[in-house]
Amino acid sequence: MSHVFKTQEQKLAVDGLRRFLDAEIEPVVKEYRDQFIPKEKMQEIMRQLVQYGLVGGVISEKNGGLGGNGDDWLTGMMLFEELAYTSIDLSTVTLINTFGAVLLESVAPAHLRDRYLPGLLSGETFISMGISEPDVGSNVMEIKTRARRDGDDYIINGEKTWISNGMYSDFLICTCRTSDDPKKGLTHFLLDRKEHPYEVRNIHKIAMNSQSTSQIFLSDVRVPASNIIGGEGDGLKNTLRLFERSRVYVAGQGLGIARRSLEESVRYAQERRQHGKVIAGHQLIASMLADMATKVDASRLLIHRAAQMIDAGVPAEMEAAMAKYYAAEAAVEICRQGVQIHGANGVTTEFLVEKLAREAIIVPIPEGTSQIQQLIIARALTGVGAF
Ligand SMILES: Cc1cc2nc3c(=O)[nH]c(=O)nc-3n(C[C@H](O)[C@H](O)[C@H](O)COP(=O)(O)OP(=O)(O)OC[C@H]3O[C@@H](n4cnc5c(N)ncnc54)[C@H](O)[C@@H]3O)c2cc1C
């Protein structure tokens, strides 16, 4: 049901990944439904996924990736949709490792890039990106975690929360306040979990518990100034640049689970009989399926437009926000309709649509809530910020 024009190369890549996910990963996802996947198992999975172009597909060959010049976000999105279709949990781990790799490639000093990028590309290591804090969500500029200069080092104190990959993380890119300058006050530090220990606690959620979302506590963590990524004071600029791309990926998560809910619902509607015929033959069910399918395709078109603009080097802040806003909200509606089409079966754990509906509720929150995306779109239209 993936109606886009793919090149022969893209088709081969997507079909190969689809076959692998169906045969090898689907059973693992079923086995760990709502259960935490241990790190060793997650490593085993990631080692396999990276061979299909995930993570490395958007990293240039000269830095060990598979992506030519590292500018094939469209193919990256096609692959990512397939992964999210199979598991939003695995797609989250992949998303964070991908954007950690992108940050390392684009702005890290060579000694950090050469040391930490290869593990992400081979699926051996995991990264976390620590921006959010208990009192800092939508407004990144208010970050409180402090990095205080001490000779050649910085001492970091603070608390991060909702941090994906936290329990798995071998290293953390931590966004810290190094000054009170509103635009140049934030800096990225790389903290190696062994060398600059931070404490991690897992957070249980409504869904997506097969991977880790965590609190991270930083208490007098001493880290050398050479572990700054992207220059002191560049944290906000580099975070916003990354958001343009990562938002399109989160939109892809919404698309993946929405497409799954649609396909599960089509199958169910073709089999379930009421009032003497299959429910697909009832016009109100047909209406829901048509609605779901149209929204799935609209999500994909917005996502692919944003990815193509990024590939072309054209600013895509508004288009990325539109993709995230639309695909996330559409996923909530589509996955709810998926449950409705399944009737009472839809709220049992015997059927996948129940899990998809719980997952969908999460998608409008990370990487900028739907409200924040609306504000970004409106600002692009009017030139007036309404934050
Ligand atoms: C599964 C998951 C994974 C995550 N992974 C990470 C991660 O790896 N790293 C990381 O740093 N963070 C991560 N986050 C955190 C995520 O980025 C934040 O949750 C998000 O930015 C929203 O912040 P908040 O939850 O504090 O909500 P708040 O900012 O407190 O917002 C609460 C409500 O107010 C609305 N709101 C806020 N400001 C405005 C405004 N100006 N106008 C109108 N409405 C407004 C919001 O839309 C929302 O509805 C993750 C979150 C989730 C759920």
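Above this text sits the structure in question.
Novice: Give a detailed account of the nonpolar core, specifying residues and quantitative values.
Specialist: Counting 88 residues, the largest nonpolar core has Leu49, Leu104 and Ile341 as the members making the most contacts within it. Residues within four places of leucine 104 in sequence aside, it is in contact with Arg113, Tyr116, Leu117, Leu120, Phe171, Ile173, Leu190 and Ile229. Of all hydrophobic cores here, the second largest spans 17 residues; its members include Ala147, Ile163, Phe189 and Val221.

Novice: Before we move on, could you go through helix 8 (residues 317–341) and cite the residues and values that matter?
Specialist: In this model helix 8 runs 36 Å from its N-terminal to its C-terminal C-alpha over 25 residues, within 8% of the 36 Å that 1.5 Å per residue would give. At the exit of helix 8 stands glycine 343, carrying a positive phi of roughly 60 degrees.

Novice: Please give an account of the site of the ligand that cites residues and values.
Specialist: Close to the ligand lie 18 residues; Ser132, Ser138, Trp162, Thr369 and Gln371 are nearest. In the environment of the ligand, a nitrogen atom lies 2.7 Å from a nitrogen or oxygen atom belonging to the side chain of serine 132. In this structure, a nitrogen atom belonging to the ligand sits 2.8 Å away from a main-chain N or O atom of tryptophan 162. The protein chains hide 67% of the 970 Å² of surface that the ligand would expose on its own. When residues of the shell around the ligand are traced back to their parent elements, those giving at least two are strand 1 (127–130), strand 3 (153–164) and helix 10 (370–382). A total of three residues in the shell around the ligand trace back to one element, the largest contributor, which is strand 3.

Novice: Break down the pattern of salt bridges for me, with residues and values.
Specialist: The full count for this structure, using the stated rule, is 31 salt bridges. Note that lysine 237 and aspartate 234 form a salt bridge whose closest N and O atoms lie 3.9 Å from each other. Taking the relative accessible area as the measure of exposure, lysine 237 reaches 52% and is therefore exposed. Salt bridges linked by common partners bring Arg18, Asp22, Glu81, Glu82, Arg259, Glu263, Asp297 and Arg300 together as one network.

Novice: A description of the pairing of strand 4 (residues 171–177) should follow, citing residues and the corresponding values.
Specialist: Among the seven residues that make up strand 4, seven are buried, leaving the element largely enclosed by the rest of the structure. With burial as the criterion, each face of strand 4 is covered, one bearing Phe171, Ile173, Thr175 and Arg177 and the other bearing Leu172, Cys174 and Cys176. The pairing of strand 1 with strand 4 spans four bridges and is parallel. Residue pairing across strands places isoleucine 127 opposite phenylalanine 171, the latter belonging to strand 4. Bridge analysis of strand 4 against strand 5 (residues 186–192) gives seven bridges, and the strand direction is antiparallel. Paired with threonine 175 across the bridge in strand 5 is histidine 188.

Rules behind the numbers
- Residues numbered from 1 in each chain as written.
- Predicted model: local features only at pLDDT ≥ 70, side-chain atom pairs only at ≥ 80, totals over all residues.
- Heavy atoms only, no water.
- Core = buried A, V, L, I, M, F, W, Y, C linked by side-chain atoms within 4.5 Å.
- Buried < 20%, exposed > 50% of the residue type's maximum accessible area, 1.4 Å probe, protein only.
- Contact = heavy atoms within 4.5 Å.
- Helix = DSSP H or I, 4+ residues; strand = E, 2+ residues; numbered from the N terminus.
- Expected span 1.5 Å × (residues − 1).
- Near = heavy atom within 4 Å.
- Polar contact = N/O pair within 3.5 Å; in protein donor to acceptor, adjacent residues only side chain to side chain.
- Areas by Shrake-Rupley, 256 points an atom, 1.4 Å probe, with all protein chains shown as cover.
- Salt bridge = Lys/Arg side-chain N within 4 Å of Asp/Glu carboxyl O.
- Pairing = 2+ DSSP bridges.

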